[in-house]
Amino acid sequence: MYSFWKNNQLKLSPWIFLAPGIFMFSLYVIFPIFQSISLSLYQWDGLGVKTYIGVENYIELLDDEYFFTSLKNNVIWLVLYILAVPAGLFAALFLNQTVRGIRIYKSLFFFPFVISQVVVGLVFSWFYDPSNGLLNVILENFGFSPIAILAEEDYATYGIIAAGLWPQTAYCMILYLTGLNSVDPEQIEAGRIDNARGWKMLWYVILPQLKPATFIAVVVTVIGALRSFDLISIMTAGGPWGSSRVLAYYMYEKAFSEYGFRMGYSAAIAVVLLAIMMVYIGLILYRLYRDEKGY
């Protein structure tokens, strides 16, 4: 045994260090995924006997208008939430300068990242308040009528996304600030010699070196958009009339609210959400792989 360890020490050591993490990941992530897939094939109220019903939960989803409303809102979240990535990039480029007072600016930009989503939701609920919220005070000063954003079906989802973009932009900014510290100054100088300025310098010299930061920012932002829950719960509770629901919140409602403790149906929604997430992230990984290979 000792001789085997001595001969394979370099190969086995990484796996020994990784083993606790792999075990915890398997126990709390991989196993629950398969458990959810299995549960989606049953009718269960969480306490009684499970009844196997096959794919009936998925068939029911196809006729559920609230499911498609939630799915549509998730698509809107995906499209608009990704704006946090370029916004974080430009904030990082602004803060990556050596000017007077830059530490104060960094603190102001970093602040949204350290506060909880619950606080963000409450702050923006007050900001949108139609009676005396700051937004409507500004609108009234410009001669516009007050808008109850969170009470309007057409505006509620967009108002919540705007609230979510605030801390998410700060997170992407931190990733890009870290990436900018590793940008090769020799390549910057070479670009300047070749007369690369402004957008050309950013596009051809800086951004290629920020691919790792961009990948992490995009993946985390996509996951954040798809699993959005807390802001919706705090700001609208899925309203008005279910217009701001997303799949994660609808899954919660089906499992634990007055809709009737439908654990199997809720698990089916979770499986659909997981599938969307895996497809979206898989496409991102495939594109990055193609870029790395150069074809």
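Everything below is about the structure shown above.
So, here's what we can say about the structure.

What counts as what
Residues numbered from 1 in each chain as written. Predicted model: local features only at pLDDT ≥ 70, side-chain atom pairs only at ≥ 80, totals over all residues. Heavy atoms only, no water. Helix = DSSP H or I, 4+ residues; strand = E, 2+ residues; numbered from the N terminus. Buried < 20%, exposed > 50% of the residue type's maximum accessible area, 1.4 Å probe, protein only. Contact = heavy atoms within 4.5 Å. Areas by Shrake-Rupley, 256 points an atom, 1.4 Å probe, with all protein chains shown as cover. Salt bridge = Lys/Arg side-chain N within 4 Å of Asp/Glu carboxyl O. Arc of directions from axis to C-beta.

Per the secondary structure count, the chain includes 15 helices and two strands. Projecting the C-alpha coordinates of the chain onto the three principal axes gives extents of approximately 80 × 70 × 35 Å. For the chain, buried positions account for 37% of its 295 residues. Here the analysis covers contacts within the chain between residues at least 6 apart in sequence; of these, 65% occur between residues at least 24 apart. Total accessible area computed for the chain in this model is approximately 18,400 Å², and 66% of it derives from carbon and sulfur atoms.

What follows covers the pattern of salt bridges. Throughout the structure, instances matching the rule amount to two salt bridges. Residue Arg-262 pairs with Glu-60 through a salt bridge whose shortest N-O separation is 2.8 Å. Of this pair, Arg-262 sits in the loop between α14 (247-256) and α15 (263-293) while Glu-60 sits in helix α3 (residues 56-61), placing them 202 residues apart in sequence. According to the relative accessible area criterion, Glu-60 is partly exposed, its value standing at 34%.

For helix α8 (residues 134-141), the set of buried residues is Leu-135, Asn-136 and Leu-139. The arc that holds the buried residues of α8, viewed along the axis, is 90°, so those residues lie on one side. Turned more than 90 degrees away from the buried face of α8 sit Leu-134 and Asn-141, all of them exposed. Where the residues of α8 are buried, they touch α7 (117-128). The first or second residue beyond α8 is Gly-143, which carries a positive phi of 90°.

Worth remembering: the numbers are spatial, not functional.
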